[in-house]
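Next come the chains, spelled out residue by residue.
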Amino acid sequence: MSPDTSDPDRPPHHAEPAGPAPGAPAGLPVPAGTPASAPGADPLAWPAPGAPPAGSLPPAVAGQPRRPGRAAAVALGGAAVLTALGVPLGLLWAAIAPGTPVVKTAEGAVYAQPQPEQPIAADGWFSLLGLGFGVLAALGLWLVLRRRRGPVGMVAGVVGGLGAALVAWQLGRRVGLSTYEHLLATAPDGQAFTKPADLRGGGVELLFGVLPVPYGNVLLAAFGAAVTYTLLAGWSRWPSLRPEPEPDAVWPPVGPGAGPGATVAGSAAPGATGAAGTADGLSSEPADRPAPTAAPEPPAPGAAEPPRG
């Protein structure tokens with residue numbers, strides 16, 4: 001049989017499917033740009049010309065430098081913001097915590113009652129406000145620093161919570177302090193007035209007379225931030241702590257001819273034509289095969305006609 005003679009057993013008007021590219025691993029091809037985590041995507045599929053390799057990071061993520069200095073700057077920035085929030089926290093504590101009644105004597109001011117409850121209430125209010133501030137700070141850092149979840153958020157919460165507690169303590173204890181000192185210096189003996197709220201169960205002491213070390217209830221804000229952030233990280237369903245797409249999500253169609261009911265996974269690269277899709281978003285047809293037409297194919301030359309009559 002000569003090369004020009006048609007073979008009756010060979011289907012007409014069909015070109016032989018092109019084989020895989022040289023060196024291409026076995027597997028079904030996927031549309032260009034399909035992420036490796038897409039449902040049914042083959043991570044070993046040969047990428048289309050101009051498409052990024054399967055499993056590679058997007059350009060917006062791959063182009064970001066991973067420098068420790070940037071992470072440190074983010075952590076310090078978050079801690080600075082939380083420390084500044086210690087100003088309203090201190091004003092709130094000064095407004096809620098009760099003052100202690102005292103009486104002026106020749107030796108100075110003494111409590112008007114033998115065992116007053118106001119200093120204990122001031123410490124209690126500071127502890128509750130500090131602990132609540134730490135919890136809210138951890139939640140805020142978890143939601144705002146979504147791309148920096150992990151050690152960066154933890155450091156920002158702990159350092160910022162400690163800084164906010166120290167600022168709140170120093171600011172709150174000074175509200176009304178000048179009036180108290182003026183009355184203490186000028187009031188006659190026996191006159192009663194109020195001493196502003198202050199902490200007795202917390203503060204800062206010097207270690208070896210040089211290093212300041214906080215102690216007591218000024219540490220509760222940092223403690224609340226650390227515990228809350230650790231719980232959020234432990235309950236996260238993603239190992240990276242960052243929100244990721246659902247593994248069984250349907251990828252929207254992108255490209256020419258993508259209709260509302262199309263289920264092709266991924267998106268086509270610029271200038272690439274879409275291949276014939278299947279139910280799971282993959283295609284076993286070569287990308288260069290022309291789309292079939294609705295017209296019936298003509299009979300092969302020399303094919304037997306059906307009997308008549």
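An account of the accompanying structure is given in this report. For clarity, every value in this text was computed on a predicted model and none was experimentally measured. Per chain, residues are indexed from 1 in the order of the written sequence. Only residues with pLDDT of at least 70 get local features here, since the model is predicted, and only at 80 or more are side-chain atom pairs given and counted; chain-wide, interface and lining totals rely on the full set of residues. As a convention, hydrogens and water are excluded, and side-chain values are obtained from all of the structure's heavy atoms.

### Description of the pattern of salt bridges
Then, number 1: Within this document, salt bridges are pairs made up of a side-chain nitrogen of Lys or Arg and a carboxyl oxygen of Asp or Glu, the two lying within 4 Å of each other. Going through the model one piece at a time under the given rule, you end up with one salt bridge.
Then, number 2: For Arg173, the salt bridge identified is with Asp198, shortest N-O distance 3.4 Å. Of this pair, Arg173 sits in helix α5 (residues 151-174) while Asp198 sits in the loop between β3 (192-195) and β4 (202-207), and the two are 25 residues apart along the sequence.
Then, number 3: Classification of Arg173 as partly exposed rests on a relative accessible area of 23%. Helix and strand labels come from DSSP, where a helix needs a run of H or I of at least four residues and a strand needs a run of E of at least two; each type is numbered from the N terminus. Only protein chains enter the calculation, and the probe is 1.4 Å; a residue is then buried if its accessible area is under 20% of its type maximum, exposed if over 50%, and partly exposed in between.

### Quick word on the packing of aromatic side chains
Then, number 1: Planes of paired rings set the category: under 30 degrees apart is stacked, over 60 is edge-to-face and the rest tilted, where pairs are Phe, Tyr or Trp rings (Trp by its six-membered ring) whose centres lie within 6.5 Å. In total, this model carries three aromatic pairs according to the counting rule given.
Then, number 2: For the ring pair Trp93 and Phe126, a centre distance of 5.1 Å and an interplane angle of 75° mean the geometry is edge-to-face. You can see Trp93 sitting in helix α3 (residues 86-96) and its partner Phe126 sitting in helix α4 (residues 118-144), a full 33 residues away along the chain. Taken individually, Trp93 and Phe126 each receive the classification buried, so the pair is uniform in this respect.
Then, number 3: Note on Trp142 and Tyr229: the rings are 5.5 Å apart at their centroids and 75° apart in plane angle, and the pair reads as edge-to-face. With Trp142 in helix α4 and Tyr229 in helix α7 (residues 220-235), this pair connects stretches of sequence that are 87 residues apart.
Then, number 4: Residue class for Trp142 comes out buried when judged on its relative accessible area of 10%.
Then, number 5: On the basis of relative accessibility, which here comes to 2%, the residue Tyr229 falls in the buried class.

### A few points about a positive patch on the surface
Then, number 1: Here the term patch refers to residues with relative accessible area over 30% and no salt bridge, with like charges joined within 9 Å and nonpolar side chains (Val, Leu, Ile, Met, Phe, Trp, Tyr) within 5 Å. Surface accessibility follows the Shrake-Rupley procedure with a 1.4 Å probe radius. Residue values consider only the protein chains on display as shielding. The charge count treats Lys and Arg as positive and Asp and Glu as negative. His and the chain ends do not count. Throughout, a charge is located at the NZ atom of Lys, the CZ atom of Arg, the CG atom of Asp or the CD atom of Glu. Taken together, Arg67, Arg70, Arg147 and Arg242 make up a surface patch of like positive charges.
Then, number 2: Inspection of the secondary structure puts Arg70 in helix α2 (residues 68-84).
Then, number 3: A relative accessible area of 39% places Arg70 in the partly exposed class.

### Description of the pairing of strand β5 (residues 211-216)
Successive residues of a regular strand alternate their side chains across the two faces of the sheet.
Then, number 1: In this sheet, β5 lies alongside β4 in antiparallel orientation, the contact comprising six bridges. What sits directly across from Val204, in β5, is Pro214.
Then, number 2: Here, strands pair whenever DSSP counts at least two bridges between them. Following β4, the chain reverses through three residues before pairing antiparallel with β5; Phe208 in that reversal takes a positive phi of roughly 60°.

### So, the environment of Leu82
Then, number 1: Topologically, Leu82 is positioned in helix α2.
Then, number 2: We classify Leu82 as buried; its relative accessible area is 7%.
Then, number 3: Through-space distance from the C-alpha of Leu82 to that of Gly160 is 4.8 Å; in sequence the pair is 78 residues apart.

### Regarding unusual backbone geometry
Then, number 1: Backbone geometry at Phe208 places phi at a positive 60°, although glycine is not the residue there.
Then, number 2: One can find Phe208 in the loop between β4 and β5.
Then, number 3: Overall, Phe208 belongs to the exposed group, its relative accessible area being 76%.

### Considerations on a nonpolar patch on the surface
Then, number 1: Taken together, the side chains of Leu131, Phe223, Val227, Leu231 and Trp235 present a nonpolar region at the surface, about 540 Å² in accessible area.
Then, number 2: Here the element with the most residues in the nonpolar patch is α7; it accounts for four residues.
Then, number 3: Using a relative accessible area of 34% as the deciding quantity, one classes Leu131 as partly exposed.

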